[in-house]
Amino acid sequence: MSGPQTPEPALDVQGDSPMSMRNEDAADGTQHSHRMLNFSDALLSIIATVMILPVTHTEISPEQQFDKSIQKLLATRIAVYLMTFLIVTVAWAAHTRLFQVVGKIDDTLALLNLACMMTITFLPFTALIVVYAFRFPHLLNPQIARSAHRALCRQHVLCIVLRGPALCFAAAGFSLFFYPASYLLMATVIFLPYVSKAASWCRGRLMGPQEPPAHSVEVFTFHLQEPLSKERVEAFSDGVYAIVATLLILDICENNVPDPKDVAERFHGSLVAALSVSGPHFLAYFGSFATVGLLWFAHHSLFLHVRKATQSMGLLNTLSLAFVGGLPLAYQQTSAFARRPRDELESVRVSCAIIFFASVFQLAMWTAALLHGADTLQPAARFGGREHAFMLAKLALYPCASLLAFISTCFLSRFSAAIFHLTQIAVPLAFLLLRLLVRLALGLLHMLRGLARPAPGAEDASRAPLLPAPC
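Computed from a predicted structure; not experimentally measured.

The rules behind these values
- Residues numbered from 1 in each chain as written.
- Predicted model: local features only at pLDDT ≥ 70, side-chain atom pairs only at ≥ 80, totals over all residues.
- Heavy atoms only, no water.
- Helix = DSSP H or I, 4+ residues; strand = E, 2+ residues; numbered from the N terminus.
- Contact = heavy atoms within 4.5 Å.
- Areas by Shrake-Rupley, 256 points an atom, 1.4 Å probe, with all protein chains shown as cover.
- Axes fitted to C-alpha atoms, helices over the stretch in contact; angles between N-to-C directions.
- Nonpolar A, V, L, I, M, F, W, Y, C, P; charged D, E, K, R; others polar.
- Patch = residues over 30% accessible without salt bridge, like charges linked within 9 Å, V, L, I, M, F, W, Y side chains within 5 Å.
- Salt bridge = Lys/Arg side-chain N within 4 Å of Asp/Glu carboxyl O.
- Buried < 20%, exposed > 50% of the residue type's maximum accessible area, 1.4 Å probe, protein only.
- Phe/Tyr/Trp six-rings, centres within 6.5 Å; stacked < 30°, edge-to-face > 60°.
- Core = buried A, V, L, I, M, F, W, Y, C linked by side-chain atoms within 4.5 Å.
- Polar contact = N/O pair within 3.5 Å; in protein donor to acceptor, adjacent residues only side chain to side chain.
- Expected span 1.5 Å × (residues − 1).
- Parallel < 35°, antiparallel > 145°, perpendicular 65-115°, else oblique.
- Left-handed = near helix turned anticlockwise from the far one by under 90°.
- pLDDT = per-residue confidence, 0-100.
- Disulfide = S-S within 2.5 Å.

Peer 1: It is not clear to me how the overall build of the chain should be interpreted in this structure. Could you clarify?
Peer 2: Along the backbone of the chain there are 23 helices and two strands. Across the chain, contacts joining residues at least 24 apart in sequence account for 77% of those joining residues at least 6 apart. Carbon and sulfur atoms make up 67% of the accessible area of the chain, which amounts to about 25,400 Å² in all.

Peer 1: What exactly am I supposed to notice about the packing of helix H9 (residues 150–161) against helix H10 (residues 163–174) here?
Peer 2: Packed helices, taken two at a time, are described by their axes: the angle between them and the distance between them. Two elements in contact, H9 and H10, have axes separated by 4 Å at closest approach and are oriented at 35 degrees. Where H9 abuts H10, its residues Cys159, Ile160 and Val161 lie against Arg163, Gly164 and Pro165. Looking at the contact of H9 with H10 residue by residue, the classes come out as four nonpolar, one polar and one charged.

Peer 1: Sorry, what's going on with a nonpolar patch on the surface here?
Peer 2: Together, Ile425, Leu429, Leu432, Leu433, Leu436, Leu437 and Leu440 line one region of the surface with nonpolar side chains, adding up to about 740 Å² of accessible area. Position of Leu440 among the secondary structure elements: in helix H22 (residues 416–452). With a relative accessible area of 53%, Leu440 lands in the exposed category.

Peer 1: Got a minute to help me understand the environment of Met83 in this structure?
Peer 2: Within the secondary structure layout, Met83 lies in helix H5 (residues 68–101). Residues Met83 and Met186 lie 103 residues apart in sequence; the distance between their C-alpha atoms is 8.0 Å. Apart from residues lying up to four places away in sequence, Met83 is in contact with Tyr183, Met186 and Ile190.

Peer 1: Help me understand the packing of aromatic side chains in this model?
Peer 2: To describe a pair of aromatic rings, you give the distance between the ring centres and the angle between the ring planes. This model, assessed by the stated rule, comprises 11 aromatic pairs. Between Tyr285 and Phe289 the ring centres are 5.9 Å apart and the planes differ by 50 degrees, which places this aromatic pair in the tilted class. With Tyr285 and Phe289 both in helix H16 (residues 279–304) and four residues apart, this pair spans about one turn of that helix. By relative accessible area, Tyr285 is classed as buried at 15%. Judged by centre distance (5.3 Å) and plane angle (75 degrees), the ring pair of Phe356 and Phe357 falls under edge-to-face. Its relative accessible area of 34% is what places Phe357 among the partly exposed residues. The structure contains a cluster of three or more aromatic residues connected by ring pairs, namely Phe323, Phe356, Phe357 and Phe361.

Peer 1: What am I meant to see in the nonpolar core here?
Peer 2: General note: in soluble globular proteins, nonpolar side chains tend to be found buried as a group. Ranked by size, the top nonpolar core spans 87 residues in total, and within it Leu109, Leu302, Val324 and Leu327 carry the most contacts. Among the elements that make up this core, the one with the highest residue count is helix H19 (residues 344–371) (11 residues). Excluding anything up to four places from it in sequence, Leu109 contacts Val102, Lys104, Ile129, Tyr132 and Leu139. Counting residues in hydrophobic clusters, the runner-up holds 10 residues, among them Leu86, Ile87, Leu167 and Val189.

Peer 1: Where do I start with the side chain of Ser237 in this structure?
Peer 2: Residue placement: Ser237 occurs in helix H12 (residues 230–247). For Ser237, a relative accessible area of 0% gives the class buried. Within the structure, Ser237 has its side chain in polar contact with the side chain of Asn317 (distance 3.1 Å). Once residues lying within four places of it in the same chain are set aside, the contact partners of Ser237 are His299, Asn317 and Leu321.

Peer 1: Where do I start with the side chain of Ser288 in this structure?
Peer 2: By secondary structure assignment, the location of Ser288 is in helix H16. Residues contacting Ser288, with those up to four places away along its chain left out, are Leu248, Tyr331, Thr334 and Gln424.

Peer 1: I would appreciate a short explanation of helix H6 (residues 107–118) in the present structure.
Peer 2: An α-helical turn contains 3.6 residues, so any two residues separated by three or four positions project in the same direction. A rise of 1.5 Å per residue sets the reference length of H6, with its 12 residues, at 16 Å; its end C-alpha atoms lie 17 Å apart and thus fit the reference within 8%. Residues Leu109, Leu112, Asn113, Ala115, Cys116 and Met117 constitute the buried set of H6.

Peer 1: Looking at this structure, I do not really get the packing of H5 against helix H17 (residues 311–324). What am I missing?
Peer 2: Their axes nearest at 10 Å, the elements H5 and H17 cross at an angle of 140 degrees. On the basis of their axis angle, the class for H5 and H17 is oblique. Helix-helix and strand crossings are classified by hand; for H5 and H17 the assignment is right-handed. Together, Tyr81, Leu82, Phe85, Leu86, Thr89 and Arg97 of H5 and Gln311, Thr318, Leu319, Leu321 and Ala322 of H17 make up the contact between the two elements. A per-class count over the contact of H5 with H17 returns seven nonpolar, three polar and one charged.

Peer 1: Where do I start with the environment of Gln311 in this structure?
Peer 2: Assignment of secondary structure puts Gln311 in helix H17. The buried category is assigned to Gln311, whose relative accessible area is 7%. Along the sequence, Gln311 and Pro193 sit 118 residues apart, while their C-alpha atoms lie 9.0 Å from each other.

Peer 1: Where do I start with the confidence of the model for the chain in this structure?
Peer 2: Low pLDDT marks regions whose predicted coordinates should not be analysed in detail. Taken over all residues, the pLDDT of the chain has a mean of 74, while the share at 70 or more is 75%. For residues 1–21, every residue scores under 50 in pLDDT, and the model assigns this stretch 28 contacts once sequence neighbours within four places are set aside.

Peer 1: Got a minute to help me understand the state of the cysteines in this structure?
Peer 2: By definition, a disulfide links two cysteine residues through a covalent bond between their sulfur atoms. Following the criterion strictly, the structure yields zero disulfides and no others. As a non-bridged cysteine, Cys352 has Cys410 as the owner of its nearest cysteine sulfur, 9.8 Å distant. A residue is classified by how much of its surface remains accessible, and Cys352, at 3% relative accessible area, is buried.

This is how it looks when you write it as structure tokens:
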């Protein structure tokens, strides 16, 4: 079984197996896990994103006002959505860590992974995946497969990957008779990696630094600065953006397709006239789709310059995606301007807040990458690099625009809808002209700096009469 292990590092770098390696894997009954991981990432991103549907389908009739009862109902559903989204992303992170240990799969492991996807809590089937993979070492990561401490590593991996699911089951039990404890346990599941890191930091401060044991198994940990798989972060993020962009069209397809009889009777057979009734919905759809697309473009541009993602960047990315998942709610609010004009101020503010938090966490992720620039960023994008100013402007555009729109509605509440629509038009145009605007701004700053700086010989000439004559 040692034959398939030797060229494994080349597989990780290149992403494709040579033909001879494929033949050996086929003969062994194993295959690389790339396609299965892509399927798992897509499935988990769908599960996380569709949690927003109960929020967007909250029934608010045109006669109802956006009063405190409606606000409380929406706030409760949004809180539930955010918690479930974060829990699903914790399950995705555990799946990512698990397949850092498992390098290849066979048919049994693929079926166990499908069962894992079906029961998102991962409790029984994650343990089976770990036990099965360690039973056949050629399925493991080569570094672990060659280790003399595989049994200890298996125990360590099982302890880590079962910690979260066990807490989920405990939370389910407490919810039957003491639900506050279940909320606390679910929050522990979300922040468990960071609690673990904080505990190890406190232990180190109290007891001093300790030498790691000779049989250390640091391949699979929850340390905050441990690199995540950049490819899987991108795949999961792309899945969330794609599903959000697709969810926007559901209400149009369901509620805004005119009935043939109505077209014939009310609009004298004119389909254009029938569709014009739903014009605000179509405008809101195009604006929301442009927002999702440009946020994805900013995310894509950021990860073009990222070499590896730390776990703090992963947390910020998760928070950004959670608010991206709320963009269908922003679409619902903006499409309701015509039906509920008296609530348009609250709708605009909700939409601006969702867009602001979705984009500001992207900016925070870029800041976290800059703090570890030598390890996380390409040289051109580090502080002072030629792409640094452009990336900063690209990631700051949506936070600044949404915050400006929100503040403007505080002073010009009568024009809140017009301000929001103007923002939706102006931001895509600014993206198109951004590189030119950044170059003009940098050139202007360089020129002003040159004007403020005195000429090379001017200072010496002004001081010459005060200096003694040379001997």
